[in-house]
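# What the coordinates show
Here is how the chains run, residue by residue.
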Amino acid sequence: MKSLFNYITIITSIIIITTVLLQSRGSSLGASMGGGDSEGYRTRRGAEQGIYYTTIGAGFIFVLSVLLSILSK
């Protein structure tokens with residue numbers, strides 16, 4: 001059972017890395033550090049919103065799988 005949690009942890013970490021890289025693809029290095037082009041507030045739409053929610057869901061599953069892996073010892 002513990003190896004199942006380890007596989008889930010590895011898969012979700014790959015998903016998190018991929019989705020975070022996809023999210024920051026449109027911004028420059030300066031914008032990622034807080035120095036944007038004074039864009040103001042904007043909403044996420046379409047695929048960007050789906051990637052955002054996928055990142056949140058994968059993060060939740062990642063934390064849950066790590067905790068369950070620790071508790072299954």
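Residues numbered from 1 in each chain as written. Predicted model: local features only at pLDDT ≥ 70, side-chain atom pairs only at ≥ 80, totals over all residues. Heavy atoms only, no water.

With that settled, consider the overall build of the protein chain. On a plain count of helices and strands, the protein chain comes out with 3 helices and 0 strands. Its helices and strands taken in sequence order, the protein chain reads α-α-α from the N to the C terminus. Within the protein chain, the fraction of its 73 residues that count as buried is 12%. Roughly 5,800 Å² of accessible area belongs to the protein chain as shown, and the carbon and sulfur atoms make up 67% of that amount. (Helix = DSSP H or I, 4+ residues; strand = E, 2+ residues; numbered from the N terminus. Buried < 20%, exposed > 50% of the residue type's maximum accessible area, 1.4 Å probe, protein only. Areas by Shrake-Rupley, 256 points an atom, 1.4 Å probe, with all protein chains shown as cover.)

Here we come to helix H3 (residues 47-71). For H3, spanning 25 residues, the distance from its first C-alpha to its last is 36 Å, which sits close to the expected 36 Å at 1.5 Å a residue. Listed in full, the buried residues belonging to H3 are Thr55, Ala58, Ser65 and Ser69. Each element contacted by the buried residues of H3 is listed here: helix H1 (2-23). (Expected span 1.5 Å × (residues − 1). Contact = heavy atoms within 4.5 Å.)

On the secondary structure map, Ser69 appears in helix H3. Ser69 gets classed as buried once you look at its relative accessible area, which sits at 9%. Not counting residues within four places of it along the chain, the set of residues in contact with Ser69 comprises Lys2, Phe5 and Asn6.

Looking now at the confidence of the model for the protein chain. On average, residues of the protein chain carry a pLDDT of 82, and 74% of them reach 70 or more. Put simply, helix H2 (residues 29-32) is where the protein chain has its lowest mean pLDDT, 51, and H3 is where it has its highest, 93. (pLDDT = per-residue confidence, 0-100.)

Across the interface, H1 lies against H3 with an axial gap of 8 Å and an inter-helix angle of 155 degrees. Here H1 is positioned roughly antiparallel relative to H3, judged by the angle of their axes. At the point where H1 passes H3, the crossing takes the left-handed sense. (Axes fitted to C-alpha atoms, helices over the stretch in contact; angles between N-to-C directions. Parallel < 35°, antiparallel > 145°, perpendicular 65-115°, else oblique. Left-handed = near helix turned anticlockwise from the far one by under 90°.)

Here we take up a nonpolar patch on the surface. Together, Tyr7, Ile10, Ile11, Ile14 and Ile15 make up a nonpolar patch on the protein surface, roughly 500 Å² of accessible area in all. Residue Ile15 is classed as partly exposed on the basis of its relative accessible area of 34%. (Patch = residues over 30% accessible without salt bridge, like charges linked within 9 Å, V, L, I, M, F, W, Y side chains within 5 Å. Salt bridge = Lys/Arg side-chain N within 4 Å of Asp/Glu carboxyl O.)

In this section: the environment of Leu68. Residue placement: Leu68 occurs in helix H3. The exposure class of Leu68 is partly exposed, given its relative accessible area of 35%. Separated by 67 residues in the primary sequence, Leu68 and Met1 have C-alpha atoms spaced 9.8 Å apart.

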